[in-house]
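Residues per chain are reported as follows:
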Amino acid sequence: MRFVDEFREPELISKTAEEIRRLAGDRHYRMMEVCGGHTHAIYRFGLKDILPENIELIHGPGCPVCVLPMGRIDDGLSIAQDRNVIFAAFGDMMRVPGTLGSPLEHKARGMDVRIVYSPSDALKLARLNPDRHVLFFAIGFETTAPSTALTMMRAKAEGIHNFSVFCNHVTIIPAIRAILDSPDMRLDAFIGPGHVSTVIGCRPYEWIAKNERKPIVVSGFEPLDMLQSIVMLLRQLNAGEAKVENQYKRVVPWEGNLAALKAMAEVFQLRPYFEWRGLGFISQSALSINDKYAEFDAERRFSVPGIRVTDPMAAQCGEVLKGVLKPHQCKLFGRECTPEHPIGALMVSSEGSCAAYHNYEHRKAAMVSLSSIA
Amino acid sequence: MAHGAGGKASRKLIEGLFAPLLFGAEPGPLGDAAHVDMNGTKVAITTDAFVVKPLSFPGGSIGELAVNGTVNDLAVSGAKAEAMVVSYVLEAGTPTPVLEAAIRAMAKAARDAGVRIVAGDTKVVEHGKADQMYITTTGIGRLLPGVSLDPRSVQVGDKILLSGPIGDHGITILLARGELDFEADLRSDTRSVLPLVEALIRAAGPGIRWMRDPTRGGAATSLNELARDCGLGMVLFEDQIPVRDTVRGACELLGLDPLHIANEGQFLAVVSPEYADAAINALSLAPGGSEAQVIGEVREQPAGAVLVTTLYGGSRIVDMLVGDPLPRIC
């Protein structure tokens, strides 16, 4: 398969892994992959088996489903409860638990919940069901925000009134800043998010290099992409440099996607603050819909309870999200909290570090520790 | 809803509620069909309910699925389907041509598979209480000589065989629902696997330890069940697993694993190593078996789990499917 197999070529991969081993020597490196897509790829391709042990990968906050506070899920579902409303969301959202269950559980109890593959599919539902209201539960970083914006622009142009958006779009830079400001965080470098950067470009990361003196390499998602990015980071670190570099040039333009940024600016405004699961309130870290598009803003159109729901006390999602704890070090991991019965959102999305670790890794770890005893 | 998706929750429901109440506390490993002794004659019997949306899709319809599903459950338990009874639950208002198409498809599939449909029943429920139609088929079959299957007979060193490319059916259904704005030249793989199973038994009968048709939940779920039942590890070689490019492409786009996608015309077999070559030769020569492959082997570790290894030295544990496969977008 073109554009995929080239980046999984065994010989190149083992050469690159060899180069990593040579560059890493015996120093310990802590690198954070910001994006949940990278976390998923690391487990899916078993990259930990290829990397030397002194390269420690810390999973970052870049999984939109994982950082969404439970109260927002409750709020979104409350709009569709007992109303003539179709609740539309990405598949990613479907198993995320609210206080009264996930969207899928609400569907089983009779709510009209639909999986859509893009916001424009939700708008299509509105066109096909003119006598009902379609609520699109929008999530995602700058990756998906432009398509939500374009969909609202189209809805306005077409004069569609039975459509609204419950907006949970967040922005990546304030989250990285919050991670860096966290006192218990020691990181050497960042693997930069690939998909987000197709929209925002590489410039917004320059402060990380300049002010925080941490290298960052924007990376693709194939095994070879990620290994090359690690090579680039090691070269910088060994040379005492801190630069923004772009490994994912085949997709990410340095300046980003201006048309997408323009669409976002047309529709969204920055929220003064927004709650992130595990990280708390972060100022100017999320988007809301501006006055011009107010008619499509579900938060203005419907009364939303807006109740804050605290995470279960015992769950240590915050520590895992910040990379302070590894997934299996959480008190609930694999016992009370499993992919079938997730307590924290990190266990829900396959991009969440807990679910990825649970699905692909933890029994392997158990197996290794068993064989080392024997 | 996850309890119906064929993965972990389905298994829990069966082991936690149905099996203890219906078969007593120790039902043993759960197979695709039961073998029953009737006055000294052993027969195999199985039943399956079919719920699919849309009712017809490229490569087949609910009618073929209902026949082939039951024929295949019998085949992989080492039996040839002889007779079948069917029952239809129909939603009031289902257009006659839709029903007729399903019945015609069923009749043709039965002829192709060499099974007689000998009795049936219909019920009609109110409009809105069923997705046009649900079909249940129950099949009875004659045990094929020369093979004895038991997951507990699986041993370290045994080879894991797959009859052909995986994921065709599940991805075809996903695309046929029309919710995705992409199209692919892909058809459901629904077919009777009996001819392939017979060819395999003729060539390698004494070496066959276990067979299963990986329907809902995909190959990963079937192999996880086997791993649990025999307490050994199933190690798969990713580059040896046949997957069509269209299926791989769709899975890459949607963040799905082909090993979790449903199949309706493939089967997995575990064969002792000395019979592996004969088994693959026989399958490859049989009609529809040219893409059969050895995809892995049984090892001591990871005990009770499935491990997929890649050419470049990475590996991952692949669990049973949890709920339905959900696409990842954001």
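To be clear, the structure that these remarks concern was listed above.
These remarks concern the structure in this document. (Residues numbered from 1 in each chain as written. Chains lettered and ligands numbered in written order. Predicted model: local features only at pLDDT ≥ 70, side-chain atom pairs only at ≥ 80, totals over all residues. Heavy atoms only, no water.)

**As for the pattern of salt bridges**
Moving on, step 1. Overall, the coordinates contain 37 salt bridges over all chains when judged by the stated rule.
Moving on, step 2. As a salt-bridge pair, aspartate 131 of chain B and lysine 53 of chain B come within 4.0 Å of each other at their nearest N and O atoms. Of the two residues, aspartate 131 of chain B sits in the loop between β6 (116–125) and β7 (133–143) while lysine 53 of chain B sits in the loop between β2 (41–50) and β3 (56–57), which places them 78 residues apart along the sequence.
Moving on, step 3. Among the residues examined, lysine 53 of chain B registers a relative accessible area of 47% and is labelled partly exposed.
Moving on, step 4. Note that arginine 152 of chain B and aspartate 150 of chain B form a salt bridge whose closest N and O atoms lie 3.3 Å from each other.
Moving on, step 5. The network of salt bridges with shared partners includes Glu19, Arg22 and Arg235 of chain A. (Salt bridge = Lys/Arg side-chain N within 4 Å of Asp/Glu carboxyl O. Helix = DSSP H or I, 4+ residues; strand = E, 2+ residues; numbered from the N terminus. Buried < 20%, exposed > 50% of the residue type's maximum accessible area, 1.4 Å probe, protein only.)

**Quick look at empty space enclosed by the protein**
All names here are of chain A.
Moving on, step 1. The final tally for this structure, using the stated rule, is 4 cavities of 30 Å³ or more.
Moving on, step 2. By volume, the largest cavity amounts to about 90 Å³.
Moving on, step 3. As for the largest cavity, its lining consists of 14 residues, and the residues nearest its centre are Cys317, Cys330, Cys337, Gly344 and Cys354.
Moving on, step 4. Of the residues belonging to the lining of the largest cavity, the class tally is 12 nonpolar, 2 polar and no charged. (1 Å grid on protein atoms, 1.4 Å probe; cavity = no way out; pocket = protein on both sides within 12 Å on 5 of 7 lines; lining within 4 Å. Points joined across faces, edges and corners; volume = space filled by probe spheres on them. Nonpolar A, V, L, I, M, F, W, Y, C, P; charged D, E, K, R; others polar.)

**Thoughts on the packing of aromatic side chains**
One pair of aromatic rings is described through two measures. These are the centre distance and the angle between the planes.
All names here are of chain A.
Moving on, step 1. Tallied over the entire structure, the rule returns 8 aromatic pairs over all chains.
Moving on, step 2. Ring geometry for tyrosine 43 versus tyrosine 357: centroids 5.9 Å apart, planes at 90°, classification edge-to-face. Of this pair, tyrosine 43 sits in helix α2 (residues 36–44) while tyrosine 357 sits in helix α15 (residues 353–360), placing them 314 residues apart in sequence.
Moving on, step 3. Judged by relative accessible area, which is 0%, tyrosine 43 ranks as buried. (Phe/Tyr/Trp six-rings, centres within 6.5 Å; stacked < 30°, edge-to-face > 60°.)

**Comments concerning the interface of chain A and chain B**
Moving on, step 1. With 42 residues of chain A at the contact, the number on the chain B side is 37 residues.
Moving on, step 2. Here chain A meets chain B over a buried area of about 3500 Å², counting both sides, of which 56% is carbon and sulfur.
Moving on, step 3. Taken together, the links from chain A to chain B amount to 1 salt bridge.
Moving on, step 4. Glutamate 252 of chain B is paired through a salt bridge with arginine 44 of chain A; the nearest N and O atoms lie 3.6 Å apart.
Moving on, step 5. Our count for the chain A to chain B interface comes out at 2 residue pairs in polar contact (both at pLDDT 80 or more).
Moving on, step 6. When contributions to the side of chain A that touches chain B are tallied by element, the ones reaching two or more residues are α1 (10–24), α2, α3 (47–50), α5 (103–108), α6 (119–128), β5 (133–140), α15 and α16 (362–373) of chain A. (Contact = heavy atoms within 4.5 Å. Buried area = accessible area lost by both parts, 1.4 Å probe. Polar contact = N/O pair within 3.5 Å; in protein donor to acceptor, adjacent residues only side chain to side chain.)

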